[in-house]
Structures are given as structure tokens and as C-alpha cells.
Amino acid sequence: MTRIAKITVGTLATAALLIGGGGIALAAQPDSAAITATAAGTGATATGATGTAAAPVTTSAGISSRKAVQIARKRVPGARVGKVEREWEHGRRVWKVELHRGAWEYDVYVSAKTGKIIKLKRDHDD
């Protein structure tokens, strides 16, 4: 094989590994990362639904991230989802759902166990 052919094959193999590895890394990330990626414009909706319909992340005896987003959006209708993270709040496991509506940012803390809203913060979005 000529040197140019070897370089081309090596480059294509590296590109294939990077593309395949990126898909595996994205699939291994929790649902909140997928939602963040969708907000960045990867072609999916803001609720995290993609063409491949990834399964929502759930806690051992609680609600999924998708359900937490539904609960938060009922509380702040017409808002778009920024990101979803699992956190601890007042000694409880919660889903923190970041929503944006107009010039405001809402942080809705939904209990991962019961689905109740634990806390709601509203800040002016800069």
C-alpha cells in the first residue's frame, strides 16, 4: 500500500471510532445530559425525546426524569426545558428541572420519590 492510502485508511478508521465512541458515550450519559444536548440543537425536542426514544432515567423507587419534567411544566406552563439534574435537597433526592419562560428562569425541585414539588425558585434570566 502506498503511504497516502495508509494515511487515508488510518484517518477513516479513526473517524469511525470517534463517531461510534461518541454515540456510545452519549448513550451512556443520563437523561439530563440528553436533554441538555437537545436544547443545544441536536434535532430532538426539548423534553429529551429523540428519534431513538431513549429510556428515561428512574430512581430505585421513584419517578423518572421525564415525569419530573411533566410535573415541572404543569407548574410553569409554556416554559421550555433547559436541563434536568438529579440532586439532593433538604436530605431528599430530587430532580432539578430548569425551565425558561420569557425573561425568567425557573428551578423546579421535584421529589424523586413522590413527584411532589419540593421547591420553586424564580430568577431573572440574564
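Scroll up for the structure.
Model, not experiment: these values are computed from the prediction.

Calculation rules
In every chain, residue numbers begin from 1 and rise along the written sequence. Per-residue local features are limited, in this predicted model, to residues with pLDDT of at least 70; the limit for side-chain atom pairs, both in listing and counting, is 80 or more; totals at the level of whole chains, interfaces and linings are taken over all residues. No hydrogens and no water enter the side-chain calculation; it runs on all heavy atoms of the structure. In this description, strands pair whenever DSSP reports at least two bridges between them. Helical segments are the DSSP runs of H or I of at least four residues, strand segments are the runs of E of at least two, and each set is numbered from the N terminus. The definition of a nonpolar core used throughout is a set of buried Ala, Val, Leu, Ile, Met, Phe, Trp, Tyr and Cys residues joined through side-chain atoms within 4.5 Å. Relative accessible area decides the class of each residue, using a 1.4 Å probe on protein chains only: under 20% of the type maximum gives buried, over 50% gives exposed, and in between gives partly exposed. Whether two residues touch is decided by their heavy atoms; if any such pair falls within 4.5 Å, the residues are in contact. Salt bridge criterion: a side-chain nitrogen from Lys or Arg within 4 Å of a carboxyl oxygen from Asp or Glu. Any two of the Phe, Tyr and Trp rings considered here, Trp counted by its six-membered ring, make a pair once their centres fall within 6.5 Å; the pair's planes then place it as stacked at under 30 degrees, edge-to-face at over 60, or tilted in between. Lysine and arginine charges are scored as sitting over a ring when NZ or CZ, respectively, is within 6 Å of the ring centre and within 35 degrees of the ring normal.

Student: Describe the pairing of strand β4 (residues 117-124), and please don't skip the residues or the numbers.
Tutor: Along any regular strand the residues' side chains alternate between the sheet's two faces. In this sheet, β4 lies alongside strand β3 (residues 104-111) in antiparallel orientation, the contact comprising seven bridges. Residue pairing for β4: glutamate 105 is matched across the bridge by aspartate 123. Adjacent in sequence and paired antiparallel, β3 and β4 are bridged by five residues, among which glycine 115 carries a positive phi angle near 85 degrees.

Student: Report on the nonpolar core, specifying residues and quantitative values.
Tutor: Judged by nonpolar contacts, the single largest core of 16 residues is most densely connected at Val97 and Leu99. Counting residues per element, the ones that place at least two in this core are α3 (65-75), β1 (80-89), β2 (92-101) and β3. With four residues, α3 is the single largest residue contributor to this core. Filtering out sequence-adjacent residues up to four positions away, valine 97 remains in contact with Ala68, Val69, Ala72, Lys83, Val84, Tyr106, Asp107 and Val108.

Student: For the pattern of salt bridges, give the residues involved together with the corresponding values.
Tutor: One pass over the structure, following the stated rule, counts two salt bridges. Between lysine 83 and glutamate 85 there is a salt bridge whose closest N-O contact spans 3.7 Å. Here glutamate 89 and lysine 119 are joined by a salt bridge, their closest N and O atoms 3.0 Å apart. Highlighted residues: glutamate 89 in strand β1 and lysine 119 in strand β4, separated in sequence by 30 residues. The class of glutamate 89 is buried, set by a relative accessible area of 12%.

Student: With reference to specific residues and values, describe the packing of aromatic side chains.
Tutor: Per the stated rule, a full pass over the model turns up zero aromatic pairs. Over the aromatic face of tyrosine 109 sits the side chain of lysine 119, whose NZ or CZ is 5.1 Å from the ring centroid.

Student: Lay out the pairing of β3 in plain terms, naming residues and giving numbers.
Tutor: Across the eight residues that make up β3, a large majority, seven, are buried. Two elements, β2 and β3, share eight bridges in a ladder whose sense is antiparallel. Note on β3: the bridge partner recorded for valine 97 is valine 108.

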